[in-house]
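Here is what each chain is made of, one letter per residue.
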Number of protein chains: 4
Amino acid sequence: MAENRCVVYQGPGEVTIEDIGYPKLEVPEYVASNMGFSTQEAHHGVILRIVSTNICGSDQHMVRGRTTAPQGQTLGHEITGEVIEVGNDVQFIKEGDLCSVPFNIACGRCRACKERMTGICLNVNPERPGSAYGYVDMGGWPGGQADYVMVPFADFNLLPFPDKDQAMEKILDLTMLSDIFPTGYHGATMAGCTTGSTVYVAGAGPVGLAAAHAAQLLGAAVVIVGDAIEERLKQAESFGCVPLDITQDAAIEDQISEIMGEPIVDCVVDAVGFEARGHGSESGEAPATVLNDAMTITRAGGSIGIPGLYVTEDPGGVDEAAQRGALSMDFGLGWARSHAFYTGQCPVMQYNRELMMSILNDKAQIAKAVNAQVIPLDDAPQGYQDFDSGTSVKYVLDPHGDLQGAQRA
Amino acid sequence: MAENRCVVYQGPGEVTIEDIGYPKLEVPEYVASNMGFSTQEAHHGVILRIVSTNICGSDQHMVRGRTTAPQGQTLGHEITGEVIEVGNDVQFIKEGDLCSVPFNIACGRCRACKERMTGICLNVNPERPGSAYGYVDMGGWPGGQADYVMVPFADFNLLPFPDKDQAMEKILDLTMLSDIFPTGYHGATMAGCTTGSTVYVAGAGPVGLAAAHAAQLLGAAVVIVGDAIEERLKQAESFGCVPLDITQDAAIEDQISEIMGEPIVDCVVDAVGFEARGHGSESGEAPATVLNDAMTITRAGGSIGIPGLYVTEDPGGVDEAAQRGALSMDFGLGWARSHAFYTGQCPVMQYNRELMMSILNDKAQIAKAVNAQVIPLDDAPQGYQDFDSGTSVKYVLDPHGDLQGAQRA
Amino acid sequence: MAENRCVVYQGPGEVTIEDIGYPKLEVPEYVASNMGFSTQEAHHGVILRIVSTNICGSDQHMVRGRTTAPQGQTLGHEITGEVIEVGNDVQFIKEGDLCSVPFNIACGRCRACKERMTGICLNVNPERPGSAYGYVDMGGWPGGQADYVMVPFADFNLLPFPDKDQAMEKILDLTMLSDIFPTGYHGATMAGCTTGSTVYVAGAGPVGLAAAHAAQLLGAAVVIVGDAIEERLKQAESFGCVPLDITQDAAIEDQISEIMGEPIVDCVVDAVGFEARGHGSESGEAPATVLNDAMTITRAGGSIGIPGLYVTEDPGGVDEAAQRGALSMDFGLGWARSHAFYTGQCPVMQYNRELMMSILNDKAQIAKAVNAQVIPLDDAPQGYQDFDSGTSVKYVLDPHGDLQGAQRA
Amino acid sequence: MAENRCVVYQGPGEVTIEDIGYPKLEVPEYVASNMGFSTQEAHHGVILRIVSTNICGSDQHMVRGRTTAPQGQTLGHEITGEVIEVGNDVQFIKEGDLCSVPFNIACGRCRACKERMTGICLNVNPERPGSAYGYVDMGGWPGGQADYVMVPFADFNLLPFPDKDQAMEKILDLTMLSDIFPTGYHGATMAGCTTGSTVYVAGAGPVGLAAAHAAQLLGAAVVIVGDAIEERLKQAESFGCVPLDITQDAAIEDQISEIMGEPIVDCVVDAVGFEARGHGSESGEAPATVLNDAMTITRAGGSIGIPGLYVTEDPGGVDEAAQRGALSMDFGLGWARSHAFYTGQCPVMQYNRELMMSILNDKAQIAKAVNAQVIPLDDAPQGYQDFDSGTSVKYVLDPHGDLQGAQRA
């Protein structure tokens, strides 16, 4: 049986590579027994040999010690791979298929999945609706920054690429379909981005950049991206966005006015979440900053898309309220403007096929937008460290050396 | 092994009851081999002991010889039953569950199903998207006017009732969830029925009556129902609809004017389909009548919901064009009014849970609206004959005698 | 020139009746000069002789001193009346028309109005998008708890009733079209209420009761209404809602569980707003209570409709944050459940025609649901006082004695 | 008083330039008296000095004698101009504003306009809902291929450009906002075009090219354009579309297969209408061809957007049915595939502001896509003739010589 290396959380700031054992076609016992499965056996599952697997900003929350993740937590939920073994109730996915794996684990059989809300599947996580590979409080599904992974309900979950050779040529773009490209796109659509929209995206990390590129694909007239890190702002500028430096002491509405000629935009995307910092050169963490910015600059009647993560428990929160996920929001302002607020995990399956079509037909350049860079799986610890330092790179791990020829177009 | 009686088509005007054999947990070979299944075995399927199964107007198209159904075609797609055997990949549905079966067979794993369009599942019928139990050109899935039936992809397809005793008390309402209640509701929603709408439903057969009741549930201010049969019009009137007799020689717009004070309504539902007859006392079959009526009386900007069946092959069509499903439509009129037209099989799963909630909480009285009447399975031939004669009854077959106490409230 | 009595705010807890002068066909100078009108003359306006005009819960915020309303503020924005004078660019509304007046003043000519968002019209209030008659910070449009009122942009704003005699028979229902019936309906639709929904409405004041009745019209399976006042809960119960007493010490999710068998509902409407109180027998004001309740009991993927008013300035707020409209919200919880939040003034025009149709065709009994009661205009001060004490009555003022025969059916 | 030259229809194949007199601020007497206007005076109107005005394919239907247009019919409904006189109830539009005029004349005060359906305004045309400048059966509003034109309800109808100098630089793009760009966009959105869609547009005239460009802006992965004229197909190819030559004898589904690898696309736009011709080298007019093609190649569950004009009276129709707007449609096929059909005039106001933003921010190149070419107003007769011969040019008339510097970027 093959070794199966995986990135494992060891404590704040530390990840290592460990052999977690070759996956079995079975669901975690904790899930099966608590969620009423008739059996732990995953006749519906497949084993994937992982071709690419990315480091995600939401992994950072764990690695920075901002969650209750225990030592030994396996990591990785942005997975692309080739099917090498199929369960006996997998009907349509075949051995050899190269597939994108939505980060949301979903059963395809509950009320939420039937309503396309795969981000809140009711059957795969005893803690709450919704689950993911390699994440704290998500039911204990093994992580996918690894050599191999088991994907349950494979006919439902997997998106096979139509042509393997073509897919390998665009693998750095396609690898973004498992999470950040759909997540950014979800943020942009929730915010109402469409032809001619003016848009502000808070945060120029990979999800923010993906939201900005998605806004462009959706036809936005102007896309402004705000961040505190110069390298990230330059990355945003590199594909046509207007940078907004939040370390400046000007009020956000004045910064927007300078760009737009009015202090408002049509759409705002929060791609930052609960680890937000305040404005100005001296600011520290201020978790409601982005939400309050959004209410300040979103046009009356506009929508605010919030793909950025907000949590119910944050041991490192700035105060007692933040530690239990409570934020001081200028809700009276939002109400006066008839704002709508959309939250939650992206249901990847609502978007990934369409975005795949965009990539395969050269309409989307997501790898370039997020500055994808390939590193070996064993270099993941260094990748985590560099990413945490604010470098504007999206790290793509290459467990089996399949991506050695892959480059950004 | 138990006998399994089923209604079987023998030729125009004739059905009989035959033993078709106890169902197996396998998909039809024709489907499995042509649609790329990895195996014919239905690990995903269950066997149901059928509690109720209704005769449908669309069965009549076959029995009247208006389709290419061959002799021996098994019938029945409006099924409610109790799970008595489960495949080994059925995780959440359990033995003993009493369930409604959507008439659309759907895999839950293809693009269409993932987009909630279970009426056009891509994996279950080699002839075209979409399938059903016991229907011509639908892949050969056995009919369910029977003692037992196999339901594939059971976790996805089945709607279990929350409480069996409560369900048996309302079984005459709940049995309508497999087809006509959602189909009527689909028609009404496609037509844009909502609070305060004025609505015309063409056809007072069971689907028309279901559409009319659905329009009421959706908040319609006025619901007019048109038909040529007095008994059916009286049935519509019995639950608050306004009858419109199409055998009168007045123009439809004048009949509408007399009721509404204007010659138009907000919404039109075509619950008749291709066997439509013309207006007036002397009219014969005229397949585009209802569609042209709809364009005549739907308000500019309004929508036309078309749950009534139109076919691509009608051996009994009035002319060569009708025989290949071509109709002479007043499309210029519809265009001038910016009409929208919505067609196709109802994706039952989009509606059945919500309608079940309405029934269980006494908000919907669908059995009363369609005049449900229980008869033994063996009396199905007589039921077909009576239904064809135009009686305003919805026949519910009772294979195992479970419904002997069931009555309309 | 006729006298024009109007209700006027004199200070916390005190309103009087004053003659404010017969209205002119002109817009307030403050509005005209600041919003770029070409002229103050309202060629687009009409004068209405008011037939009915209701006291609203949002008037109470002013009268309780919870806003910055100055002494002398004229009151009243729930107006129904007969056109007695028309401007020379009023083309379609005619003298003698009996009309419902949406409380939102809207120009029908700006981007927001063209997009149907009349609650945030951009041209009628220098303070912010959106305006109303007789309200603080709304541009200074005179109040309509009066004998007469000027309605600008009358062809756009007014909803004429099709038959005056019929309308006078249902005037106690139709008078609710100016605000609370559409506002309640807006809350229910924003919350996603539809066929089969389970719904919790926070607040059994008139808007809460209207939301509850709207939820029923939209097809809800179960409507639960929460309040602290027994008389209001009984009123909710009188038309089929399930009461929930928030003065009990049980957790809201446990109270919901007791009713529903699960601690969640599909849809939540906040019809309370910023003057919310906490749960339990001893609680005082706690402005985020209803919003946090909503996140606690709304199903994952569900929507929260928030017609209840939240403000940007509350001189009487419980703490400094509340005084500037900032609330401590459990946003992490809402995010984890993928909730959507919809806020703002109801754009009455999106709903009033449809709801009128429901009333005129006996589908809606809103006067009964909110317990409408007619009093003379001169008794308005007493009505304000009684309403503030928590009585479950919706007061309808009758300036000209037209309603003396009007009774609830 | 200035002369006002206008293009006038003289009979099949013949237009001339005539002085029709300087416009007055009044609505046509025929409209005012039949539609219940209180006065013919247009206090709501403005006079525009026309800067650009385009020849439209729908003008061709008249000029080819395919409508009941009488001799003397004034022409032109694609108007851009500068406000030079304002009525006394025009509040927000100012003298000097350079504006795009939606071709639909709309009152902004009826039920349809309040619901954003300006293409079917109920108050401006005694013949039917909806109107336009210079068109048969539209109420007699004067044409705008002229020096000057009166625009009624100007605050509602006009779209002013934010900066006049900037606008004049992009005037060849902005002139397309009055009709074909929104009309093409409407077709594409009705057809469901979005990120990753595969699209077939029937017709490579200006509206078809606009629909194709709109599909690109909406994110389409592949846009195929079909026509019989080689020059038009080359024009489509010039901006990234795939041409499909309908004069080939292959079946349309086979031609699609060759391009897509499957015989279907997600979305179809009919930009041809009732003057459609059949497939193959020998075909003549066959009015249902495009609609039947659409049902043949649209994916199950897909939508068909039909901006192409279908009429209720066509004196030149190929047979008696066609002459009254009846077409032999393969409706059974469409029904079997659950197709939705969307028809009617584009409500320009739903799209023009957003498309203006796209143009002003260099996201849309519509002038290039349709090959805009400026000619003097006096050369309109030649322009009509050339356009009718099938040349792939969109003619922009320049009444006052303002466009002499204008060129496609």
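The structure displayed is predicted, hence computed values, not measured ones. (Residues numbered from 1 in each chain as written. Chains lettered and ligands numbered in written order. Predicted model: local features only at pLDDT ≥ 70, side-chain atom pairs only at ≥ 80, totals over all residues. Heavy atoms only, no water.)

## Thoughts on the interface of chain B and chain C
Contact residues are listed per partner, giving 17 residues for chain B and 17 residues for chain C. Summed over both sides, the interface between chain B and chain C buries roughly 1300 Å², with carbon and sulfur atoms accounting for 51% of that surface. A per-residue breakdown of the area chain B buries against chain C is headed by Thr195(B), Ala221(B) and Met357(B), which together make up 35% of the total. Here chain B and chain C share zero salt bridges between them. For the side of chain B that touches chain C, the leading source of residues is helix H14 (residues 352-360) of chain B, giving four residues. Tallied by class, the residues present in the side of chain B that touches chain C amount to eight nonpolar, seven polar and two charged. (Contact = heavy atoms within 4.5 Å. Buried area = accessible area lost by both parts, 1.4 Å probe. Salt bridge = Lys/Arg side-chain N within 4 Å of Asp/Glu carboxyl O. Helix = DSSP H or I, 4+ residues; strand = E, 2+ residues; numbered from the N terminus. Nonpolar A, V, L, I, M, F, W, Y, C, P; charged D, E, K, R; others polar.)

## Description of the side chain of Ser338(A)
By the element assignment, Ser338(A) lies in the loop between helix H13 (331-336) and strand E14 (340-343). Excluding residues that lie within four positions of it along the chain, Ser338(A) makes contacts with Gly301(A), Gly302(A), Ile120(C), Thr343(C), Gly344(C) and Gln345(C).

## Thoughts on the domain arrangement of chain A
Frequently, the measure chosen for interface size is the accessible area that the parts lose on association. Residue and element names in this part refer to chain A. Domain boundaries in chain A define domain 1 (5-179 + 347-398) and domain 2 (180-342). The C-alpha-based centres of domain 1 and domain 2 are spaced at 26 Å. Every contact between the two is made by 34 residues of domain 1 and, on the other side, 27 residues of domain 2. Between the two partners, domain 1 and domain 2, sit four salt bridges. With a shortest N-O distance of 3.6 Å, Arg66 and Glu275 are connected by a salt bridge. Breaking the side of domain 1 that touches domain 2 down by element, the ones donating at least two residues are helix H14 (352-360) and helix H15 (366-370). It is H15 that contributes the most residues to the side of domain 1 that touches domain 2, four residues altogether. Residues belonging to the side of domain 1 that touches domain 2 are distributed by class as follows: 14 nonpolar, eleven polar and nine charged. (Domains from an automatic or database assignment.)

## Quick word on the packing of aromatic side chains
The full count for this structure, using the stated rule, is 26 aromatic pairs over all chains. Between Phe37(A) and Phe153(A), the aromatic rings sit 6.2 Å apart at their centres with planes inclined by 50°, giving tilted as the arrangement. With Phe37(A) in the loop between helix H1 (29-34) and strand E3 (46-54) and Phe153(A) in the loop between strand E6 (148-151) and helix H4 (154-157), this residue pair connects regions lying 116 residues apart in the sequence. Here Phe37(A) and Phe153(A) have matching classes, each one buried. Clustering of aromatic rings is evident, with ring pairs tying together Phe37(A), Phe153(A) and Phe92(B). The ring of Phe156(D) has Lys114(C) lying over it, and the distance from NZ or CZ to the ring centre is 5.8 Å. (Phe/Tyr/Trp six-rings, centres within 6.5 Å; stacked < 30°, edge-to-face > 60°. Buried < 20%, exposed > 50% of the residue type's maximum accessible area, 1.4 Å probe, protein only. Lys NZ or Arg CZ within 6 Å of the ring centre and 35° of its normal.)

## Structural notes on the nonpolar core
Ranked by size, the top nonpolar core spans 207 residues in total, and within it Tyr200(A) and Tyr200(C) carry the most contacts. Filtering out sequence-adjacent residues up to four positions away, Tyr200(C) remains in contact with Ile224(C), Val225(C), Gly226(C), Leu244(C), Ile246(C), Ile252(C), Ile256(C), Val265(C), Cys267(C), Val268(C), Val269(C) and Ile297(C). Among the nonpolar cores identified, the runner-up in size contains 206 residues, and Ile306(B), Leu327(B), Ile171(D) and Leu209(D) belong to it. (Core = buried A, V, L, I, M, F, W, Y, C linked by side-chain atoms within 4.5 Å.)

## What to know about the interface of chain A and chain C
On the side of chain C, 38 residues touch chain A, which itself brings 38 residues to the contact. Together, the buried faces of chain A and chain C total about 3200 Å²; carbon and sulfur atoms form 61% of this surface. Considering only the side of chain A, the residues that lose the most area to chain C are Phe331(A), Trp335(A) and Thr343(A), jointly responsible for 24% of the buried surface there. Our enumeration of links across chain A and chain C arrives at four salt bridges. Here Arg111(C) and Asp266(A) are joined by a salt bridge, their closest N and O atoms 3.1 Å apart. On the surface where chain A and chain C come into contact, there are 18 residue pairs in polar contact (both at pLDDT 80 or more). (Polar contact = N/O pair within 3.5 Å; in protein donor to acceptor, adjacent residues only side chain to side chain.)

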